[in-house]
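Listed here are the chains, written in short residue letters.
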Amino acid sequence: MEAVAFSFASCPIPLVFSSTKINNSQTNRRFFPTRRPIHNPHVSNIIQGYSVSPLWCAMFNISGRTKCLKAVKGAEGTCACCGINIHKIISWQEKFKHNISVIFVRLVTGMMLVISVSLIVCKTPSGALTEENRLFLEAWRTVDRAYYDKTFNGQSWFRYRENALRNEPMNTREETYMAIRKMLSTLDDPFTRFLEPEKFKSLRSGTQGALTGVGLSIGYPTMLNESATGLVVISSSPGGPANKAGVVPGDVILAIDDTSTEDMDIYDAADRLQGAEGSSVKLAIRSGSEIRNLVLKREKVTLNPVKSRLCEITSSGMDGFRIGYIKLTSFNQNASGAVKDAIEMLRNNNVKAFVLDLRDNSGGLFPEGIEIAKIWLEKGVIVYICDSRGVRDIYEADGSNTVAASEPLVVLVNRGTASASEILAGALKDNKRALLYGEPTFGKGKIQSVFELSDGSGLAVTVARYETPAHTDINKVGIIPDHALPTSFPVDEDGFCACFKDPASLCNLNGAELFAR
């Protein structure tokens, strides 16, 4: 709002008083005009409602009390005893009244001007807002409240709103969607994006346990594969169409249905990969130096988040040592409960240690990652939630949800370990609860929340970045494991157990060394 300021000059009454002594009087008379009186026989004897006789004059002593003394004979209109010119007083009175009137008129005029300007400047278009405008404002407010970077990528978020309402066409729903996408693009954050109603519904179904597609999780190239052009495969769901065709983490998708992925948004790519069950999608995949063209049939991929297996070590000195192997493939709403069930089942079979396999787990629901960390930790920081100004929240384990805090634990990670998986792996490593084996993780150090808009569309908004308990920012870097795994180490539970049974196998691990720090 613009404001109008007024400056008023002071208007003093032109009377200057001083202390003087009248020689022909026995009394000290003070505060009289210093100017000599001007004689005027036509002076009114009414001054401000008080009758003034030419034979008397008012005078004030220092204590402020008024005395009336008989006047010395002098000119009419003048108190000769005190030297006051009544005509002059009346003239000053009239000038004072005039000045006050002028000031009052100017003040009232100024106040009316301020009110008028305020109404013009502050007048909002709320009364004239269309339904499309209101949907745009709903999206703007969601980002305003939730986005982690309160500089909004170095721009005035309020000014952008005002300019967009004035300049962006919002006559149809598609134009409004375009205006929202354009607004989000100014944040330069690929993970903050707009979801049309069908895409929002699809995202929700993915966190609830099932998707129809080819079973791939994809991402942008990181520091580990930053020379790649296209989109990188983070993980391939076991038993899914892509997994059965030999697509593995680290492969690069060059094209989807003959459309290049070089400048494609990952969420646009995800939409293209999903579709009706039984329909086909064509992929151009680069594996190392080889380029393959695949045609995959979409299936309903059930995201059962946990698989478990009891493995028995037969190597010398550890015969009969039982390991509980838990494969966690995603963090959907069933994940933490399924992990607890697997632990209890394996404990009933007298396991002495656990292996938690997070390889090719691209993440999912942040709260599930926190709950699973609490299962393994007696106490300690799980993750620091940060914004542009530093740490704003801390998630900790207090022991109330602990299930397995005492048995030795190993966590397996690879380039497909991302997001919530990295939060879990970082918490277990930094609290010295587990040893990490494998290769550096993907490096997604930001957290998104999903918000539904009034028309069924939605926004995925980056609400925070996170740091591990050791205050490590893993974004685009990943978590570095304690030890590497053999190159030929299998990714499935059956192959994992086989590596402990055959000492001659290339993937064989010494069970005693596996859990040794």
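Here is what the cut-offs are and how they apply
Residues numbered from 1 in each chain as written. Predicted model: local features only at pLDDT ≥ 70, side-chain atom pairs only at ≥ 80, totals over all residues. Heavy atoms only, no water. Helix = DSSP H or I, 4+ residues; strand = E, 2+ residues; numbered from the N terminus. Buried < 20%, exposed > 50% of the residue type's maximum accessible area, 1.4 Å probe, protein only. Contact = heavy atoms within 4.5 Å. Areas by Shrake-Rupley, 256 points an atom, 1.4 Å probe, with all protein chains shown as cover. Expected span 1.5 Å × (residues − 1). pLDDT = per-residue confidence, 0-100. Disulfide = S-S within 2.5 Å. Patch = residues over 30% accessible without salt bridge, like charges linked within 9 Å, V, L, I, M, F, W, Y side chains within 5 Å. Salt bridge = Lys/Arg side-chain N within 4 Å of Asp/Glu carboxyl O. Core = buried A, V, L, I, M, F, W, Y, C linked by side-chain atoms within 4.5 Å. Pairing = 2+ DSSP bridges. Axes fitted to C-alpha atoms, helices over the stretch in contact; angles between N-to-C directions. Phe/Tyr/Trp six-rings, centres within 6.5 Å; stacked < 30°, edge-to-face > 60°. Lys NZ or Arg CZ within 6 Å of the ring centre and 35° of its normal. Parallel < 35°, antiparallel > 145°, perpendicular 65-115°, else oblique. Left-handed = near helix turned anticlockwise from the far one by under 90°.

Some details on the overall build of the protein
Helices and strands together make up the secondary structure of the protein, namely 12 helices and 26 strands. By the burial criterion, 43% of the 517 residues in the protein qualify as buried. When contacts within the protein are restricted to residue pairs at least 6 apart in sequence, those whose partners lie at least 24 apart make up 68%. If you sum the accessible surface of the protein, you get close to 27,300 Å²; carbon and sulfur atoms cover 52% of it.

Concerning helix α2 (residues 131–146)
In a regular helix each residue adds 1.5 Å, so 16 residues correspond to 22 Å; α2 covers 23 Å between its end C-alpha atoms and thus fits that length. Those residues of α2 that fall on the buried side of the exposure criterion are E132, N133, L135, F136, L137, A139, W140, T142, V143 and A146. Packed against the buried residues of α2 are α3 (157–167), α4 (173–185), β25 (446–452) and β26 (458–467).

A short note on the confidence of the model for the protein
Confidence along the protein averages 78 in pLDDT terms, with 73% of residues attaining 70 or more. Per-residue pLDDT stays below 50 along residues 1–81; that stretch engages in 113 contacts with residues further than four places along the chain or on separate chains. Of the regions scoring below 50 in pLDDT, residues 119–126 engages in 4 contacts with residues more than four places distant in sequence or in other chains.

Thoughts on the state of the cysteines
All told, the structure shown has 1 disulfide when counted by the stated rule. Each sulfur of the disulfide joining C311 and C497 lies 1.7 Å from the other. Across the S-S bond of C311 and C497 the torsion is about -55 degrees, and the bridge reads as left-handed. Residue C311 is located in strand β18 (residues 306–313), and its partner C497 is located in helix α11 (residues 493–501); the two are separated by 186 residues in the primary sequence. Note on accessibility: C311 and C497 belong to one class, buried.

Digging into a nonpolar patch on the surface
A cluster of nonpolar side chains, F104, V105, V108 and M112, forms an exposed patch at the surface whose accessible area comes to about 390 Å². Here M112 shows up in helix α1 (residues 86–122).

So, the nonpolar core
With 65 residues, the main nonpolar core has L328, L356 and W376 as its most contacted residues. Not counting residues up to four positions away in its chain, the partners in contact with L356 are I326, L328, W376, L409, V410, V411, L412, L424 and L428.

Let's talk about the sheet that holds β18
Read across the sheet, 5 strands follow the order β18-β19-β20-β23-β24 without closing on themselves; strand pairing throughout is mixed. The open sheet is flanked by β18 and β24 (435–438), the only strands paired with a single partner. Mean inter-strand twist for the sheet, computed between neighbouring axes without regard to direction, equals 25 degrees. Note: strand β23 (residues 409–413) against β24, 4 bridges, orientation parallel. Paired with L412 across the strands is Y437, a residue of β24. Across the sheet, helix α8 (residues 335–347) lies against β18, β19 (321–328) and β20 (353–357), angled at about 25 degrees from β18, the strand it touches most. Packing of helix α10 (residues 420–430) onto the sheet brings it into contact with β19, β20, β23 and β24, and relative to β23 it is tilted by some 140 degrees.

Comments concerning the pattern of salt bridges
Pairing of side chains with opposite charge becomes possible as their charged atoms draw close. One pass over the structure, following the stated rule, counts 21 salt bridges. A salt bridge links K244 to E299; its shortest N-O distance comes to 3.4 Å. Taken together, the residues span a long stretch of sequence, with K244 in helix α6 (residues 241–244) and E299 in strand β17 (residues 299–302) at a distance of 55 residues. For K244, a relative accessible area of 56% corresponds to the exposed category. A relative accessible area of 30% means that E299 is categorised as partly exposed. As a salt-bridge pair, D357 and R359 come within 2.7 Å of each other at their nearest N and O atoms. For the residue pair D357 and R359, the accessibility class agrees, reading buried in each case. Through salt bridges with shared partners, a single ionic network connects E131, E132, R173 and D455.

Focus on the packing of aromatic side chains
Two aromatic rings, taken as a pair, are described by how far apart their centres are and by the angle between their planes. Within this structure, the stated rule accounts for 11 aromatic pairs. For the ring pair W157 and Y160, a centre distance of 6.0 Å and an interplane angle of 15 degrees mean the geometry is stacked. With W157 and Y160 both in helix α3, this residue pair falls 3 residues apart, about one helical turn. Seen in terms of ring centroids, F354 and W376 are 5.5 Å apart; in terms of plane orientation they differ by 70 degrees. Their pairing is edge-to-face. Linking F354 in strand β20 with W376 in helix α9 (residues 366–376), this pair joins segments that are 22 residues apart in sequence. Using a relative accessible area of 0% as the deciding quantity, one classes W376 as buried. Taken together, the ring pairs in this structure connect W140, Y147, Y148, F152, W157 and Y160 into an aromatic cluster. Over the ring of W140 we find R161, and its NZ or CZ is 4.9 Å from the ring centre. Positioned above the aromatic ring of F191, the side-chain terminus of K444 is 4.9 Å from the ring centre.

Focus: the packing of α2 against α4
Packing of α2 against α4 leaves a shortest axis separation of 9 Å and a crossing angle of 25 degrees. The pairing of α2 with α4 is recorded here as roughly parallel in orientation. In this structure, the crossing between α2 and α4 has a hand that is right-handed. Taking contact as the criterion, the partners of E131, E132, L135, F136, A139, W140 and V143 in α2 are, on α4, R173, T176, Y177, A179, I180, M183 and L184.

Observations concerning unusual backbone geometry
Its identity as a non-glycine residue notwithstanding, F152 has a phi of 50 degrees, on the positive side. Tracing the backbone shows F152 in the loop between α2 and α3. On the basis of relative accessibility, which here comes to 6%, the residue F152 falls in the buried class. Despite not being glycine, N350 has its phi angle at roughly 60 degrees, a positive value. Structurally, N350 can be placed in the loop between α8 and β20. N350 sits in the exposed class, given a relative accessible area of 52%.

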